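# Chain and residue survey
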Amino acid sequence: MQKDPDDVAGMFDATAKRYDLLNSLLSGGNDRLWRIHMQRAVKPQPGERILDVAAGTGASSAPMAKAGALVTALDLSAGMIEEGRRRHPDIEFVHGSAEELPFASDTFDAVTISFGLRNVQHPRAALSEFLRVLKPGGRLFVCEFSQPPVNVVRRGYEAYLGTVLPGMARLASSNPEAYRYLVESIRSWPDQQALSQWIRTAGFTRVAHRNLTLGVVALHRGRKPTEATGAIRLARHAQADDQEA
Ligand SMILES: C[S@@+](CC[C@H](N)C(=O)[O-])C[C@H]1O[C@@H](n2cnc3c(N)ncnc32)[C@H](O)[C@@H]1O
């Protein structure tokens, strides 16, 4: 699926004012539940530096800032950022792309991205950037739509995506095209195992995920290796090479 960054940013600019409301409507209120799970997983600590990528209007950033973390909310859409600054004047919003983060290496204790990675043109490049800006030992959390593993649930969800969601979007949104994009981007997004593999390949360790709402959403996590874990991994690889030789 083509995801031209200018088109994606323009689409979010156009929906910025009503984005959060439509989100709640189309998810049947489940977005709140997903955010609670994300917050529990991240466990933001006072004073921690957290980068929330693709933060939109800051709905994903606000609970972490409320817990006392120093949150930087980054987004590609100027419209979403404008709305975010209006709603959350205490949060620092930065305009930028996930694929080329405007931060020094080893800066953040945690990087989070909620319902954002699917919109990025080169998500694997973004994962490498997340690794770069994290401090050694820093945590990554990716909350994203996924694929329900149970057949009957998957079929029901497909029916929802194919009929109910577009119908509701037609009634509630001035930009139903954006919701066609939403459905297509969810359908073409990798499943839980494939995304976990991308995260591992980017260089993260302790990669795991848990399904939310029967796998409609998955919460992925990983860690940037510390020097010690990096050295252990290198030693393991060297040992494996010795055994193969
Ligand atoms: C579905 S919204 C999610 C917003 C917020 N995280 C939330 O949970 O409500 C996706 C956001 O990703 C942003 N986005 C898309 N591509 C991006 C990129 N390459 N870099 C940064 N943000 C991007 C969009 O502008 C949009 O605000």
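For every chain, the first residue of the written sequence is number 1, and numbering continues from 1 along that sequence. Totals for whole chains, interfaces and linings use every residue, but because this is a predicted model, local features are given only for residues with pLDDT of at least 70 and side-chain atom pairs only at 80 or more, for both listing and counting.

### Notes on the overall build of the protein
Secondary structure counts use DSSP, requiring at least four H or I residues in a row for a helix and at least two E residues in a row for a strand, with both numbered from the N terminus. Secondary structure summary: the protein contains 10 helices and seven strands in total. Along the first, second and third principal axes, the C-alpha set of the protein runs to 65 × 45 × 30 Å. Partly exposed residues are those falling between the two cut-offs: more than 12 but fewer than 20 other C-beta atoms within 10 Å of their own, whereas 20 or more means buried and 12 or fewer means exposed, with C-beta atoms placed from the backbone. Considering the protein as a whole, with its 245 residues, one finds that 38% of them fall into the buried category. We call two residues in contact when their backbone-placed C-beta atoms lie within 7 Å. A fraction of 65% describes how many contacts in the protein between residues 6 or more apart in sequence connect residues 24 or more apart.

### Some details on the nonpolar core
Nonpolar cores are built from buried Ala, Val, Leu, Ile, Met, Phe, Trp, Tyr and Cys residues. These are joined into a set through C-beta atoms within 7 Å. Ranked by internal contacts, the top residues of the largest apolar core, which has 53 residues, are Val53, Val111, Phe130, Phe141 and Cys143. In terms of residue count, strand 5 (residues 134-145) provides more of this core than any other element does, six residues in total. Setting aside chain neighbours within four positions, we find Val111 in contact with Leu51, Val53, Phe130, Val133, Leu134 and Leu140.

### What about the UniProt feature "binding site: S-adenosyl-L-methionine" (unreviewed entry) in the protein?
In this numbering, the UniProt entry assigns the feature "binding site: S-adenosyl-L-methionine" (unreviewed entry) to Thr57, Asp75 and Ser114. Across 58 residues in sequence, these annotated residues keep their C-alpha atoms within 11.7 Å of one another, forming a single compact spot. Position of Thr57 among the secondary structure elements: in the loop between strand 1 (49-53) and helix 4 (62-66). Apart from residues no more than four positions distant in its own chain, Thr57 is found in contact with Ala16, Tyr19, Asp20, Met80, Glu83, Gly84 and Arg87. Locating Ser114 in the fold gives a position in strand 4 (residues 108-114). Residues within four places of Ser114 in sequence aside, it is in contact with Met38, Ser60 and Cys143. UniProt positions are given in the numbering used here, feature names are shortened, and annotations may be inferred rather than shown by experiment.

### Concerning the environment of Arg221
Relative to the helices and strands, Arg221 resides in strand 7 (residues 217-223). In this structure Arg221 comes out as buried when scored by C-beta crowding, with 20 C-beta atoms within 10 Å. As a C-alpha pair, Arg221 and Glu158 span 63 residues in sequence and 26 Å in three-dimensional space. Not counting residues up to four positions away in its chain, the partners in contact with Arg221 are Ala41, Arg139, Leu140, Phe141 and Ala208.

### Some points on the site of the ligand
Any residue whose backbone-placed C-beta atom lies within 6 Å of a molecule or strand is treated as near that molecule or strand. Around the ligand, 22 residues are found, and the nearest of them are Ala54, Gly56, Ser77, Ala98 and Ser114. Broken down by element, the shell around the ligand gets its largest block of residues, four residues, from helix 1 (residues 5-15). Class assignment for the residues of the shell around the ligand results in 13 nonpolar, seven polar and two charged. Under the convention adopted here, Pro, Cys and the residues Ala, Val, Leu, Ile, Met, Phe, Trp and Tyr are nonpolar, Asp, Glu, Lys and Arg are charged, and Gly plus all remaining residues are polar.

### Overview of helix 1
Residues of helix 1 that are buried include every one of Val8, Phe12 and Thr15, and no others. In a view along the axis of helix 1, the buried residues occupy a sector of 65°, so they form one face of it. Among the exposed residues of helix 1, those pointing more than 90 degrees away from its buried face are Asp6 and Asp7. Lining the buried residues of helix 1 we find helix 2 (19-26), helix 5 (78-87) and helix 8 (176-187). Note: the arc covers the axis-to-C-beta directions of the helix.

### Examining the packing of helix 2 against helix 7 (residues 151-172)
Orientation is described by axes fitted as lines to C-alpha atoms, over the contacting stretch for helices, and by angles from 0 to 180 degrees between their N-to-C directions. Close contact between helix 2 and helix 7 brings their axes to 11 Å; oriented N to C, the two are set at 145°. In the crossing of helix 2 with helix 7, the sense of the turn from one axis to the other is right-handed. The segment helix 2 lies against helix 7, with Leu22, Leu25 and Leu26 engaging Leu165, Met168, Ala169 and Ala172. The residue inventory of the contact of helix 2 with helix 7, partitioned by class, reads seven nonpolar, no polar and no charged. Each crossing is labelled by how the near helix is turned from the far one, with a counterclockwise turn of less than a right angle marking it left-handed and a clockwise turn marking it right-handed.

### A look at unusual backbone geometry
For Lys43, which is not glycine, the phi dihedral falls at a positive 45°. The exposure class assigned to Lys43 is exposed, which follows from the 12 C-beta atoms found within 10 Å. Even without glycine at this site, Thr213 takes up a positive phi of about 50°.

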